[in-house]
Structure formats: C-alpha cells, structure tokens
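A structural walkthrough
Each chain is listed here by its residues.
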Amino acid sequence: MVAAGANAGALRHGKSGKLPSNKRSPVLAKLAKLEGKLTAPEETLPWIHSNRADTFFGVIIFLNAGFIGVDIELSNVDEFNWTFWSVETVFLVVFVVELMLRIAAERPQFWRFFFSLSGSFDFLVTFIGVLDAWVFTPISVTSGGSGSGDNPFSSFTILRVFRLIRLVRLLRVIRMFNDLVILVQTIGNSIRAVAWMSLLLGMIMYTGSILTGV
C-alpha cells in the first residue's frame, strides 16, 4: 500500500519524480535561469571591434600621418603628383572600408554610429579626405592649379590645408590604446595642477612685491 501510494505520487509529479516547472520554488527557478546563462555560448563581437582591428587601423593611421608629412615636404605646391595622390587614395579606400565595417557592426540600428562621438568624428575626417582626394583635387588639376577663376578650390595650397586637417585622425589612436588614454589623462591632471600652482605663485609674488614696495 505504501509503495502504491508513492508510485501514484510520482506519477502525479511526473515520471522523473521532479516537480513541474510551475510548482518550483522561486529560488530554484532563479538558479535554473542562472545556469542557462552560464552555459549559453558567449556572443562574439564583430571583428571591427576587436583589439586586432584597432591595432591594424592604428598602424594604418600612423603610416598615413607619416605619408602626409612626406607629401607636404617633398611635393611642389604648384604641381600635382600622381604618385602621392595614388598612395593617398589607397589609404583613403582603407579608411572608407573601415567606416563601412563600423557602420555595419551597428546593424540594425545604423544611426547609433552617427550619434556617437567617435562615430561622427570618424565620419567627418573620412568625409574630408574623400572631398580632398576625389573631389577638390580633380577640380584643381582640371583648372590648372593656379588659383584663378571663380573656383575657390583651384589652388594646390588650399588642398594642403585639407591634408593637414586629416592629421586629426591621429586622435583616434589615443582611444584605441589604453596606455595612451592613461597617459593623456595623467597629462591633463598635471596641467590642471600646474595651473593652480602658477596662480598660487603669482599671488605670492604679487603680495611680496607689494610688501617690498612699502
């Protein structure tokens, strides 16, 4: 009789003898949910957000910055150099591909990239590079690069200003490497302390000059 009653109870609670999920205690339910989260596979980030991507594009940014310096130093202001333009075009294509990968990584909410500070900065610098290499430079070449006429971008000197603006891309390297971020923060804190120290020294010198003048 006792065994029959036990078997009947087991059948009421299920073949395995476990309580149904709707009759489990809240503690057991939370533990089961936590176990499911721990055993679930981790969500992998896109490659563009990995450290390898940051290192790769950081090296490209350094190379591009060095090339811009060589271009400014060696090229003639009044002449167009196809070699420098071709190399700059290769760098620009790499940056455009990077921008597209970063935008695609935000799908399906692509607008989040443009509303972020780093995203809008990357887009602005890349857009300036596209205007410089693929719009203003051909216009300047076709007009002779003399700077005459109604075209304000017909002078190669003006185009050099756009190349210097692209050097702002070096600021991206700071946020790619944590050591550089810590270094910049330390310098910023030091400048703040130096400013207060200068104010204090100025007050002391001003007070001393008044006392010695009496």
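The text that follows walks through the structure, step by step, so that each part is easy to find. (Residues numbered from 1 in each chain as written. Predicted model: local features only at pLDDT ≥ 70, side-chain atom pairs only at ≥ 80, totals over all residues. Heavy atoms only, no water.)

1. Some points on the overall build of the protein chain
- Broken down by element type, the protein chain carries 9 helices and 0 strands.
- Listed by position from the N terminus, the elements making up the protein chain come as α-α-α-α-α-α-α-α-α.
- Expressed as a percentage of its 214 residues, the buried residues of the protein chain come to 23%.
- For the protein chain, the share of sequence-separated contacts (at least 6 apart) that also reach a separation of at least 24 residues comes to 62%.
- A total of about 15300 Å² of accessible surface is found on the protein chain, and carbon and sulfur atoms cover 69% of it. (Helix = DSSP H or I, 4+ residues; strand = E, 2+ residues; numbered from the N terminus. Buried < 20%, exposed > 50% of the residue type's maximum accessible area, 1.4 Å probe, protein only. Contact = heavy atoms within 4.5 Å. Areas by Shrake-Rupley, 256 points an atom, 1.4 Å probe, with all protein chains shown as cover.)

2. Quick notes on the environment of Phe 62
- Turning to its location among the elements, Phe 62 is positioned in helix 3 (residues 51-74).
- On a C-alpha basis, the gap between Phe 62 and Leu 170 in space is 7.2 Å, while along the polypeptide they are 108 residues apart.
- If we skip the residues at most four places from it in the chain, Phe 62 touches Leu 170 and Val 173.

3. A few points about helix 3
- Taking 1.5 Å per residue, 24 residues should reach 34 Å; helix 3 reaches 35 Å between its end C-alpha atoms and fits that length.
- Among all positions of helix 3, only Ala 53, Asp 54, Phe 57, Gly 58, Ile 60, Ile 61, Asn 64, Ala 65, Phe 67, Ile 68 and Asp 71 are buried. (Expected span 1.5 Å × (residues − 1).)

4. A few points about the nonpolar core
- If you look at the biggest cluster of nonpolar residues, it comprises 11 residues: Ile 48, Ala 53, Phe 57, Ile 60, Ile 61, Phe 67, Phe 84, Phe 91, Phe 95, Val 173 and Met 176.
- For this core, the elements supplying multiple residues, two or more each, are helix 3, helix 4 (82-104) and helix 8 (171-176).
- Per element, the largest residue contribution to this core is 5 residues, and it comes from helix 3.
- For Met 176, the contacting residues outside a window of four places in its chain are Asp 54, Phe 57, Gly 58, Ile 61, Glu 98 and Arg 102. (Core = buried A, V, L, I, M, F, W, Y, C linked by side-chain atoms within 4.5 Å.)

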